[in-house]
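Observations on the model geometry
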Amino acid sequence: MRTTGRAAVLGSPIAHSLSPYLHRAAYQAMGLTGWTYEAHECDEARLPALLDSADWAGLSLTMPLKRAVLPLLDTVSDLAVEVGGANTVVFTDGVRHGDNTDVYGIERALGEAGVPAPGSALVLGAGATAASALAALRNLGLRTATLVARDPARAGETIEVAERLGVALAVASFDKLEALLEVDLVVSTLPGGAADSFAGQLARVPALFDVVYAPWPTRLAASVEAGGGKVVGGFAMLLHQAVRQVELMTGRPDVPVEAMRAAGEAEILRRATRTG
């Protein structure tokens, strides 16, 4: 267990990140006065230098770094290898270890909302978060899934992830969406606003997990909720993946989930009020 440490979130763009509010709230509640957590704008080109730039205790990684970091690490968890991306780097005695807490975040978000393990699922989008979603679905017992991508020909990396996970994956384009909606769960990994045009089509699905957390609710989430479906937002995933990151970075299991939740929700509200 470390009593002091320097940590940060890296990505591009990074100014919108809630991670500093979540991690700092955890440090305060845990009495970790010697810990700091910052946000740094960083793309793939700057990543090697930033990894070397300080005596880091841990780093959180977001777009576009989760895949780019893998060759720069000394060790990588089996899950991060399967998913093909690490959103967490922990530094111990000079060793850089990569892990993936997004999968944990998705599983906890669904469980917290009372969404049962699905017998069938549809994933919208084909990026790093879609790969983590497939891993979470696999961990929940699903062995087949359908992926919908704007350009199925560019979904090769996610198809490879599914193969490593042992998930039989069908891939389709969005013009086939209407015929694919007889599923227990839809996971949208599309960025904010990108799923708006599909809100009407998806209104009757029984459960939706939408990775967007602001502005909330998305048009897609509001449509599913109005149709009687269960909706899970992206903040729950963000919260729980951060909880696991704090645990990995500090070496302490007593991570204050509710203090972190309150801090994140307060910042989301502050931003909404400022821009509303």
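Our subject is the structure that appears above.
The structure displayed is predicted, hence computed values, not measured ones.

Secondary structure assignment for the protein chain yields 9 helices and 12 strands. Taking 276 residues into account, the globule formula puts the C-alpha radius of gyration at 19 Å, and the protein chain, at 18 Å, falls close to it. If you line up the protein chain on its principal axes, its C-alpha atoms span 55 × 40 × 30 Å. Of all 276 residues assigned to the protein chain, the portion counted as buried reaches 51%. Put simply, 62% of the contacts in the protein chain that link residues at least 6 apart link residues at least 24 apart. Here the protein chain has roughly 12,000 Å² of accessible surface; of this, 53% comes from carbon and sulfur atoms. Looking at the protein chain, you have 23 positive and 30 negative side-chain charges, and the mean spots of the two groups are 4 Å apart.

Spatially, the 6 strands line up as an open sheet ordered β2-β1-β3-β5-β6-β4, and their pairing is mixed. Looking along the sheet, the strands with just one partner apiece sit at the ends: β2 (34–41) and β4 (75–76). Direction of pairing for β4 relative to strand β6 (residues 95–99): parallel, over a ladder of 2 bridges. In the sheet register, T75 faces β6, and the bridge partner there is H97. The strands touched by helix α1 (residues 19–30) are β1 (4–11), β2 and β3 (58–61); relative to β2, the strand with the most contacts, the crossing angle is about 175°.

This part is about the pattern of salt bridges. On inspection of all chains with the given rule, the structure shows 12 salt bridges. Across the pair R138 and E82 runs a salt bridge, and its minimum N-O distance is 3.0 Å. Of this pair, R138 sits in helix α5 (residues 128–139) while E82 sits in helix α3 (residues 78–83), and the two are 56 residues apart along the sequence. In this structure R138 comes out as buried when scored by relative accessible area, which is 14%. Residue classification places E82 among the partly exposed residues on the basis of a relative accessible area of 21%. Two residues, R271 and E267, come together in a salt bridge whose shortest N-O distance is 2.7 Å. One end of the pair, R271, and the other, E267, are both in helix α9 (residues 257–275), 4 residues apart, so they sit about a helical turn from each other. Each member of the pair, R271 as well as E267, carries the same accessibility label: buried. The network of salt bridges with common partners includes E112, E258 and R261.

When a protein is soluble and globular, its nonpolar side chains tend to lie buried together. Grouped together as the largest cluster of nonpolar side chains are 31 residues, with contacts concentrated most on I106, L110, V123, L185 and F209. Looking at this core, the elements that each hand over two or more residues are α4 (102–112), β7 (121–124), α5, β8 (144–149), α6 (156–165), β10 (185–188), β11 (207–210) and α8 (234–250). Here this core takes 7 residues from α5, the largest share from any one element. Ignoring any residue separated from it by four or fewer positions in sequence, one finds I106 in contact with T129, S132, A133, A136, F209 and M237.

Further remarks concern the packing of α1 against α8. One way to put it is that α1 packs onto α8 with a least axis distance of 10 Å and a crossing angle of 50°. When the axis of α1 is compared with that of α8, the two are oblique. In terms of crossing hand, the pair formed by α1 and α8 is right-handed. Touching L22, H23, A26, Y27 and M30 of α1 are F235, L238, L239, A242, Q245, V246, M249 and T250, all from α8. Class assignment for the residues of the contact of α1 with α8 results in 10 nonpolar, 3 polar and no charged.

Rules and cut-offs
- Note that residues are indexed from 1 along each chain, following the sequence as it is written.
- Given that the model is predicted, a residue must reach a pLDDT of at least 70 before its local features are reported, and side-chain atom pairs must reach 80 or more before they are shown or counted; all residues, however, enter totals for whole chains, interfaces and linings.
- As a rule here, side-chain values cover all heavy atoms of the structure and leave hydrogens and water aside.
- Strands are runs of DSSP state E lasting at least two residues, helices are runs of H or I lasting at least four, and both sets are numbered from the N terminus onward.
- Computation of the radius of gyration draws on C-alpha atoms alone. For the globule rule, the value is 2.2 Å times the number of residues to the power 0.38.
- The rule is simple: take the accessible area with a 1.4 Å probe, protein chains only, and divide by the maximum for that residue type; under 20% is buried, over 50% is exposed, in between is partly exposed.
- The contact criterion used is simple: two residues touch if any of their non-hydrogen atoms lie within 4.5 Å.
- The Shrake-Rupley method, run with a 1.4 Å probe sphere, supplies the accessible areas, and residue values consider only the shown protein chains as cover.
- By the counting rule applied here, Lys and Arg register as positive and Asp and Glu as negative, while His and the ends of each chain are not counted.
- By convention, the charge on Lys lies at NZ, on Arg at CZ, on Asp at CG and on Glu at CD.
- In short, DSSP must find at least two bridges between two strands for them to pair.
- Note on definitions: angles span 0 to 180 degrees between N-to-C directions of axes, and those axes are lines fitted to C-alpha atoms, for helices only across the stretch in contact.
- The term salt bridge refers to a pairing of a side-chain nitrogen on Lys or Arg with a carboxyl oxygen on Asp or Glu at a separation within 4 Å.
- In plain words, nonpolar cores are sets of buried Ala, Val, Leu, Ile, Met, Phe, Trp, Tyr and Cys residues tied together by side-chain atoms within 4.5 Å.
- Roughly parallel means an angle under 35 degrees; roughly antiparallel means over 145; roughly perpendicular covers 65 to 115; every other angle is labelled oblique.
- Two helices that cross are described as forming a left-handed crossing if the nearer one is turned anticlockwise from the farther one by less than a right angle, and a right-handed crossing if clockwise.
- The nonpolar class holds Ala, Val, Leu, Ile, Met, Phe, Trp, Tyr, Cys and Pro. Asp, Glu, Lys and Arg form the charged class, and all remaining residues, Gly among them, are polar.

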